[in-house]
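Summary of the model geometry
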Amino acid sequence: MEYFVDEDSIVRKIWGKSDTILFIFAGASAEFALNKAVDWLYFTGRLPADPLGRLFSTVSYARQIVFLPKKDALAAINSINTVHANVENKRGSQIPQWAYRDVLYMLIGYSIRAYELLEHKLTEAEKEEVFNVFYRIGLEMGIKDLPVNYRDWLPDRKEHLYRDLEKGEYSVDLYLQYRKHLGPVRYWFLMQVQELVCPSRVKELLDLKPNAVIPPALTAYKASRNFKMDYFIKSLLLPSDYKEEIRELDRFGEKKGRPAEV
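So, a few notes on the structure that sits alongside this text. (Residues numbered from 1 in each chain as written. Predicted model: local features only at pLDDT ≥ 70, side-chain atom pairs only at ≥ 80, totals over all residues. Heavy atoms only, no water.)

1. Quick notes on the overall build of the chain
Scanning the chain for helices and strands turns up 15 helices and zero strands. Put simply, the chain has 262 residues, and 50% of those count as buried. Intrachain contacts of the chain at a sequence separation of at least 6 include 75% that bridge at least 24 residues. (Helix = DSSP H or I, 4+ residues; strand = E, 2+ residues; numbered from the N terminus. Buried < 20%, exposed > 50% of the residue type's maximum accessible area, 1.4 Å probe, protein only. Contact = heavy atoms within 4.5 Å.)

2. Some points on unusual backbone geometry
We note that Asp-145 has phi near 60 degrees; this positive angle belongs to a residue other than glycine. Along the chain, Asp-145 turns up in the loop between α8 (124–141) and α9 (150–163). Residue classification places Asp-145 among the exposed positions, given a relative accessible area of 65%. With phi around 55 degrees, Asp-207 is a residue other than glycine that occupies positive phi space. For Asp-207, the location among the structural elements is in the loop between α12 (200–206) and α13 (214–224).

3. Some points on the side chain of Gln-192
Looking at the element boundaries, Gln-192 is found in helix α11 (residues 184–197). If we skip the residues at most four places from it in the chain, Gln-192 touches Asn-211 and Ile-214.

4. Overview of the pattern of salt bridges
Scanning the model with the defined rule gives 13 salt bridges in all. The shortest N-O distance in the salt bridge between Arg-157 and Glu-31 comes to 2.7 Å. Taken together, the positions of Arg-157 in helix α9 and Glu-31 in helix α2 (residues 18–34) put the pair 126 residues apart, joining distant regions of the chain. Take Arg-157 and Glu-31: they sit in the same class, and that class is buried. Residues Glu-204 and Arg-201 are paired through a salt bridge, measuring 3.5 Å at the closest nitrogen-oxygen approach. Residue Glu-204 and its partner Arg-201 are both found in helix α12; the two are separated by three residues, about one turn of the helix. Within the structure, one salt-bridge network assembled from shared partners comprises Glu-116, Lys-121, Glu-124 and Lys-127. (Salt bridge = Lys/Arg side-chain N within 4 Å of Asp/Glu carboxyl O.)

Shown next, in the form of structure tokens:
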């Protein structure tokens, strides 16, 4: 069986655990809100109406690409392209190429940052592997002007962070939606995770400040996984409507042959 992502790839380890994925999307939710092309996410109205539902929908596409056979992964990418084309046709203009690159760069950057925060530092070869998987996804999506290796990606990622992000009216509204759908306590936790995982440019724009209690709390959480208590903690951090989705994130990785603990 040929897969789009090799069965022993570090990307499967990263995307095979629910806590890593939730940290990835905590970071991405901050950067989405700041992106100058966020109006495209508002065009259909689905993101502000159900930000958590959109998160799990996006996860579903990403996991298909990472874990399923190559033909199914390519079909998932084609579905994404079709969705984007339909939105472009309805709006009568094209999503800018830099916006596509921004989203791809988020997935690369937060995959690395989340895994290193929750597990251990990646080697340069592993970072190159993460980049290469999403680079190939970008090529299949027809995204132009992509750097061809991780080393070249680093300065381009920094340039995008400073050129394409700003705090505007959509940023403020999207954070109001996050708070509405999460509630004040879970929203507070979201902000703490974002401060941990986001790059300095994002934290600067959102005025995210470090909290002295969070690093030891993170250490305690990582220890809780040894006693199988992490699901309980994760279930407290997301509304009860999404508890089954949290379970499915871990079950998906296990069904595809991932060890119970990475």
